Amino acid sequence: MRRLLRAASLVIVPVLLIAGCNSATTDKNDKGGSAGALASDEPIKIGGVVSKTSTTGASKGDADLGAKARFMMANDEGGINGRKVDYIGAEDDGQDPGRTTTAVRKLVQQEHVFAVVPVNTVVFSGAGEFLNTNKTPYIGWGTGPAYCDKEYGIGYNGCLTPAPGGVIPTTWAEALVPLVGGSAQGKTVALVAQDSDSAKIGLSMYAQVFPHAGFTVSYAKATVPSTTPPTDWSPWVGEIMKSNNGNPPDIIAPMIATPTNINLIGSLRRAGFQGIITDSSGFAPQLLDQPASREALQGVHFLSQDQPFESTVPGMVKFKEYIDKAKGSPVTDWNQSMMVGWNSADLFVEIAKKAGSDLSVASFQAAAANFQDHSDLVGDRKFPQARTQSFGCGSLLQVKGDSYEISSPLKCYPTMPYK
């Protein structure tokens, strides 16, 4: 059986959580105690929103499986303070902002969920505002503003796109330094991103992070369409290949969703690029089973800020055991989306445990405000520190043949001010 060093990726820092009441639960479940309180024997109803389909062909569908597995484990262990989790699954938003908002409205107004977990979509800003207005907690991959200083939103690994004035991780750039000889001085990097709100914020961040690590940024543009992928990459490839004073840069760092990114990488290879290509946006494991994709990704270094799947720490053993159980069959190709779903659900479970047996939105928010623990799969989870700064831990995994190998071991790096 092929053993893959696939890891779940990207970035870190949770958000402001203050006591409130959930309009979806208050009227139905308020028993005269805290706002949004549930009856002591009532299951905790949870639903998610995930881009299971998209116009680009990319799927984050396994986030649903990851959440199902973690909630299954919680129920097998007796529930959350004795209360079972009723996980109704994740809605598919098709990576369309309108469908995302429709999905969360359904979950809140029709399904009356206590919280929306997991969230794994890049088009969540409007839906996040709806959930905050309706005082509904939500937890997901914190790759956009909806997880930063939002009262009811949490990134499972934090606020990854903080506003200027906060702090940002240097992980991606610092992890690349050993790969360019131990010093970034004199080395150039080209940053290219999709034309979306979260990608533009990411571009702004990394345009500061790479110089902080010693690199010179030779190119930084967020002009790649985020909905309909280009069929002709020559405009971007031509600019990038001449961005270093008429020459190619040493490193190209796309912030583009897979499989769109694969087409850009293939075009860069065909144009003769021989330097380092690194990716922070994650990947779909089945791509290495497709000859064209596998060939395009050879040598690419993927950023991961979760525990590598080859780890044997107890948390990883449980993760694999319950992914198999939730799937109903053995799984050999673990992927980032599974980890996003699992870790989002895990953080919900642990906060809800801390909230105590008298669970309400108010008690959940109070427990989340200063929550701190250590997760085998994420590392130290710290609130309120995580409202404005990243945990800063990560590694790089390189595609070699039909598998991944660690090219830069898991390590924690310092943060820096975001101007």
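Preceding block: the structure.
These notes cover the structure that comes with them. All figures in this text were calculated on a predicted structure; none of them were measured in a lab. (Residues numbered from 1 in each chain as written. Predicted model: local features only at pLDDT ≥ 70, side-chain atom pairs only at ≥ 80, totals over all residues. Heavy atoms only, no water.)

Structural notes on helix H12 (residues 361–369)
Part 1 of the argument: The buried fraction of H12 amounts to eight of the nine residues, a majority that puts the element mostly inside the structure.
Part 2 of the argument: Along H12, the positions that sit buried rather than exposed are Val361, Ala362, Ser363, Phe364, Gln365, Ala367, Ala368 and Ala369. (Buried < 20%, exposed > 50% of the residue type's maximum accessible area, 1.4 Å probe, protein only. Helix = DSSP H or I, 4+ residues; strand = E, 2+ residues; numbered from the N terminus.)

Observations concerning the sheet that holds strand E7 (residues 188–194)
Part 1 of the argument: In space, the seven strands of this open sheet follow the order E8-E7-E9-E10-E11-E14-E15, with mixed pairing throughout. The two strands at the open ends of the sheet, each matched to only one other strand, are strand E8 (216–224) and strand E15 (403–412). Here the strands of the sheet are splayed against their neighbours by 20 degrees on average, with no regard to which way each runs.
Part 2 of the argument: Contacts from helix H7 (residues 234–241) reach E7, E8 and strand E9 (251–255), with the element oriented near 170 degrees to E8. (Pairing = 2+ DSSP bridges. Axes fitted to C-alpha atoms, helices over the stretch in contact; angles between N-to-C directions. Contact = heavy atoms within 4.5 Å.)

A closer look at the sheet that holds strand E1 (residues 44–50)
Part 1 of the argument: The strand order E2-E1-E3-E4-E5 describes an open sheet built from five strands, whose pairing is parallel. Each edge of the open sheet is held by one strand with a lone partner, namely strand E2 (85–92) and strand E5 (153–155). Here the strands of the sheet are splayed against their neighbours by 20 degrees on average, with no regard to which way each runs.
Part 2 of the argument: The pairing of strand E3 (residues 115–120) with strand E4 (residues 138–140) spans two bridges and is parallel. Counterpart to valine 116 in the pairing with E4 is tyrosine 138.
Part 3 of the argument: Docked against the sheet, helix H11 (residues 336–355) engages E1, E3, E4 and E5, running at close to 155 degrees with respect to E3.

Quick notes on the packing of aromatic side chains
Part 1 of the argument: Scanning the entire structure with this criterion turns up 18 aromatic pairs.
Part 2 of the argument: Judged by centre distance (4.9 Å) and plane angle (85 degrees), the ring pair of tryptophan 172 and tyrosine 206 falls under edge-to-face. A residue pair is termed long-range when its members are at least 10 positions apart, and tryptophan 172 in helix H5 (residues 171–176) and tyrosine 206 in helix H6 (residues 197–212) qualify at 34 residues. The same class applies to tryptophan 172 as to tyrosine 206, namely buried.
Part 3 of the argument: Between the aromatic rings of phenylalanine 309 and phenylalanine 319, the centroid separation amounts to 5.7 Å while the plane-to-plane angle is 25 degrees, which identifies the pairing as stacked. Separated by ten residues along the polypeptide, phenylalanine 309 in the loop between strand E11 (301–304) and helix H10 (314–327) and phenylalanine 319 in helix H10 bring together distant segments of the chain. Neither phenylalanine 309 nor phenylalanine 319 differs from the other in exposure class; each is buried. (Phe/Tyr/Trp six-rings, centres within 6.5 Å; stacked < 30°, edge-to-face > 60°.)

With respect to unusual backbone geometry
Part 1 of the argument: The omega torsion across valine 117 and proline 118 is -5 degrees, close enough to zero to call that bond cis.
Part 2 of the argument: Residue proline 384 is reached from phenylalanine 383 by a cis peptide bond, and omega for that bond is 5 degrees.
Part 3 of the argument: Residue placement: proline 384 occurs in the loop between strand E13 (379–382) and strand E14 (393–400).
Part 4 of the argument: Although it is not a glycine, glutamine 95 adopts a positive phi angle of roughly 55 degrees.
Part 5 of the argument: Residue position: glutamine 95 is located in the loop between E2 and helix H3 (97–110).
Part 6 of the argument: In this structure glutamine 95 comes out as buried when scored by relative accessible area, which is 18%.

Quick word on the layout of surface pockets
Part 1 of the argument: Approximately 590 Å³ is the volume found for the largest pocket.
Part 2 of the argument: As for the largest pocket, its lining consists of 33 residues, and the residues nearest its centre are Val122, Gln194, Ser196, Ser198 and Ala199.
Part 3 of the argument: Counting residues per element, the ones that place at least two in the lining of the largest pocket are E3 and H6.
Part 4 of the argument: It is H6 that provides the largest number of residues to the lining of the largest pocket, a total of five residues.
Part 5 of the argument: Looking at the lining of the largest pocket, its residues break down into 15 nonpolar, 16 polar and two charged. (1 Å grid on protein atoms, 1.4 Å probe; cavity = no way out; pocket = protein on both sides within 12 Å on 5 of 7 lines; lining within 4 Å. Points joined across faces, edges and corners; volume = space filled by probe spheres on them. Nonpolar A, V, L, I, M, F, W, Y, C, P; charged D, E, K, R; others polar.)

Spatial relationships are all this shows, so hold off on functional conclusions.
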